[in-house]
Amino acid sequence: MRILRMTLPLLMLLPVPLAAQQAGTGTAGTLSLELNTTKSVESGCQLSFLIENGHDTDIDAAVYETVLLNTEGQVDRLTLFDFGALPAGRPRVRQFVVPGTGCEGLGQILINGANRCEADGAESDLCTKGLELRSRSDVEVIG
């Protein structure tokens, strides 16, 4: 019984660092872009992204050229997703509604590249440097 009492407080400390590591989506030197959820809404398909700038520098503007592919792999449309400002080390959620399409018809999202990326008041490569893509939905994110 004495061993259990001594071990229990030590075990209680373990989840804290693990939870802290899991809270952030990205790692240092990367830009993590995750399609977190898709939701059919009256006007179309709502896409929720979790994005985290793991670079040491704030990104002032991040706009991605995005290609939406249907479930058969055919191009549905080409569009721009404006993720706005992305502070270093801070997760952000951005939502976009794709009008006139249901989420069930969406198969993949291709991040075709950065249409606009600015940091420190100038054009930057931080939006593509170390870009990590993932999805928690049935819609795959590729790039």
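Residue positions within a chain follow its written sequence, with the count starting from 1. Local features in this predicted model are restricted to residues of pLDDT 70 or higher, and side-chain atom pairs are both shown and tallied only at a pLDDT of 80 or more, whereas totals for entire chains, interfaces and linings draw on every residue. With hydrogens and water set aside, each side-chain value is computed from the structure's full complement of heavy atoms.

> I'd like to hear about the overall build of the protein, residue by residue, with values.
Elements are defined by DSSP. Helices are runs of H or I of four residues or more, strands are runs of E of two residues or more, and each kind is numbered from the N terminus. Check the secondary structure of the protein and you find 2 helices and 9 strands. Accessible area is worked out with a 1.4 Å probe on protein chains only. A residue is then buried under 20% of its type maximum, exposed over 50%, and partly exposed in between. Relative to its 143 residues, the protein shows a buried fraction of 32%. For the protein, contacts bridging at least 24 residues in sequence account for 70% of all contacts bridging at least 6. Surface accessibility follows the Shrake-Rupley procedure with a 1.4 Å probe radius. Residue values consider only the protein chains on display as shielding. Per element, the accessible surface of the protein, about 8500 Å² overall, is 53% carbon and sulfur. Whether two residues are in contact is decided by their heavy atoms: any pair within 4.5 Å suffices.

> Tell me what's going on with the pattern of salt bridges, and back it up with residues and numbers.
Two side chains carrying opposite charge are able to pair once their charged atoms lie near each other. Each salt bridge in this description consists of a side-chain nitrogen of Lys or Arg and a carboxyl oxygen of Asp or Glu lying within 4 Å of one another. In this structure the tally under the stated criterion is 5 salt bridges. The network of salt bridges with shared partners includes Glu34, Glu132, Arg134 and Arg136.

> Kindly report on the confidence of the model for the protein, identifying the contributing residues and their values.
One confidence number per residue, pLDDT, is output by the predictor and ranges from 0 to 100. For the protein, the mean per-residue pLDDT works out to 85, and 82% of the residues sit at or above 70. The secondary structure element of the protein with the lowest average pLDDT is helix α2 (residues 15–23), at 35, and the one with the highest is strand β3 (residues 59–70), at 98. Segment residues 1–25 is flagged for pLDDT under 50; beyond a separation of four residues in sequence, or across chains, it makes 6 contacts in the model.

> Outline the nonpolar core, supporting the account with residue identities and numerical values.
To qualify as a nonpolar core, a set must consist of buried Ala, Val, Leu, Ile, Met, Phe, Trp, Tyr and Cys residues joined through side-chain atoms within 4.5 Å. Of all hydrophobic cores here, the largest spans 26 residues; its most connected members are Leu47, Phe49, Ile59, Tyr64, Phe83 and Ile109. Taken together, the elements giving at least two residues each to this core come down to β1 (31–41), β2 (44–53), β3, β4 (75–86), β5 (91–99) and β6 (106–119). Element by element, the count of residues in this core is highest for β6, at 5 residues. Residues within four places of Phe49 in sequence aside, it is in contact with Leu33, Glu34, Leu35, Asn36, Phe81, Phe83, Arg92, Val93, Arg94, Phe96 and Ile109.

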